[in-house]
Amino acid sequence: MRIKILACLFVFAMMQEAVAQRYFTRDGEIKFFSEAPLENIEAKSAKVLCILDLAKGQVAVDLLVKSFEFPKKLMQEHFNENYMESHEFPKSTFKGSFDVPKALEDMEDGSYEVQVSGEITIHGVTKPINMPIELTVADGMINTSFDFTVKVADHDIEIPNLVVDNIAEEILVSAKFALEPYKR
Amino acid sequence: MSAKRKVIVAVLIIGLSIASWVYFTQLRTGPSMEKREATARLSAVELYDAFDTDEMAANELYLNQVIEVTGKVSDVKMEADEKAVIALETNGFGVISCTMQDVLSQSGELLVGKEMKIKGECIGLLLDVLLVESIIVEE
C-alpha cells in the first residue's frame, strides 16, 4: 500500500515538473522612443502579453495598440487615429522560435543568450525579425529585457510631410518581461 | 462698405475658418470619459464570455466602444505615479482589466471583493479584455 502511495506521489511530482514548461506574463512592458529634430516622443504599454514555451522553443508577444500611453493625450489620439489606425489594426504581435539550451529547459538559475528568429506584425504588415535575447532564470521565474528598432516605412505607416520632423524613421523599442509559470 | 474693408473682413473670415478647422481636426482632444455615453451595459462575466466565445463578433460589438461593466473586483494594482488597474472577475481564464483614467483616491485594498460599475473604452482581448480611460460609475 505504501509503495502504491509513493508511486502516485512520484507520478504527481513528475507531472508538476513536466507542466512548468510554459511561462507567461499579462503585464509585460514595452516602450518605444522616437528621436526627431523637433521633438522626442515616448510611449509605454504595461499590458503586454508574453508566452514562452521552453519545450517547443517558442515565444509569442501580443499587445493592443491602444494600450500605449503618451505624456500628451493629443499625441496618443494622433498615434491611434492617423498613424497606427488602431481601429483597423488593433493588435501588434510577435511570434518567434529559438534553440533551448538544456540548462534553460531544466530551469537552472543563470543567464542564457538565445537567438530568436520570427515575424513581427505591426499595422497589419508582417516582417521577419532576428535578434539575440538574454533570458535570466531565478527562483523559478524567467526575466528578460531587450531592445530592437522598427522602421516605420516597413509597416506602411505613413508620416505626413507636415510632421516628418516630429517623428523618426526608425523607432527604438524596449521590451521587459517577468515571466512566471503558466498554470491553466 | 469700402473695398478695403471688405477685403479685411473676408481675410478675417477665412482666417477664422482655417483656425477653427485646424483646432477641431488637429488640436482638440476627445471628450473625457465622464462626458462619453456608453453604447453597451453588461456584466464582466457576459463581456468576457462574448470575447472568449467569438472574438471577431465581440470586436464588432465592443471594440473601441465605451462600455459600462459591472462586476466583482478581484485585484487592484496601484503603483506610485501610475494609473490604477482594477480587475473584475469573470468565469474564464482572464479578467476584465480596467486601466483607470486617473490615480485612485482611495486604497486599492478597500475595493477588492466589492461589486463595482466601471465605464471605459474597450480596446480588445489579449488574455484579458482591456478597458482604458476608465472611471468608477458606482461602488
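Let us look at the structure shown here. Worth saying up front: this structure is predicted, and the values here are computed from it rather than measured.

## Considering the pattern of salt bridges
Phase 1 of the analysis: With the rule as written, the count across this model stands at 12 salt bridges over all chains.
Phase 2 of the analysis: In this structure, the salt-bridge partner of A:Lys66 is B:Glu121, at a minimum N-O distance of 2.4 Å. Here B:Glu121 lies in strand β5 (residues 115-125) and A:Lys66 lies in the loop between β3 (58-64) and α2 (73-83), a pairing that spans two chains.
Phase 3 of the analysis: Residue B:Glu121 is classed as buried on the basis of its relative accessible area of 8%.
Phase 4 of the analysis: The residue A:Asp106 makes a salt bridge to A:Lys102 at a minimum N-O spacing of 2.8 Å.
Phase 5 of the analysis: Judged by relative accessible area, which is 37%, A:Asp106 ranks as partly exposed.
Phase 6 of the analysis: Ionic contacts of the salt-bridge type, sharing partners, join the residues A:Asp27, A:Lys47, B:Asp75 and B:Lys77 into one network.

## Focus on the pairing of strand β2 (residues 66-77) of chain B
All names here are of chain B.
Phase 1 of the analysis: Pairing of strand β1 (residues 40-43) with β2, which is carried by four bridges, proceeds in the parallel orientation. When the sheet's bridge partners are listed, Arg-41 is paired in β2 with Glu-68.
Phase 2 of the analysis: Taken together, the seven bridges between β2 and β5 define a ladder with antiparallel strand orientation. Counted as the bridge partner of Lys-72 is Glu-115 from β5.

Parameters at a glance
- Starting afresh in each chain, residues are numbered from 1 along the sequence in its written order.
- The lettering of chains begins at A and the numbering of ligands begins at 1, in the order of writing.
- Local features in a predicted model are, by the rule used here, given only for residues with pLDDT of at least 70; side-chain atom pairs are given and counted only at 80 or more, and totals for whole chains, interfaces and linings are based on all residues.
- Each side-chain value is worked out from all heavy atoms of the structure, with water and hydrogens disregarded.
- Salt bridges are defined as contacts in which a side-chain nitrogen from Lys or Arg sits within 4 Å of a carboxyl oxygen from Asp or Glu.
- Helix and strand assignments follow DSSP, with helices taken as H or I runs no shorter than four residues and strands as E runs no shorter than two, numbered in order from the N terminus.
- Between buried and exposed lies partly exposed: a residue is buried under 20% and exposed over 50% of the maximum accessible area for its type, with that area taken using a 1.4 Å probe on protein chains only.
- Two strands qualify as a pair provided that DSSP identifies no fewer than 2 bridges between them.

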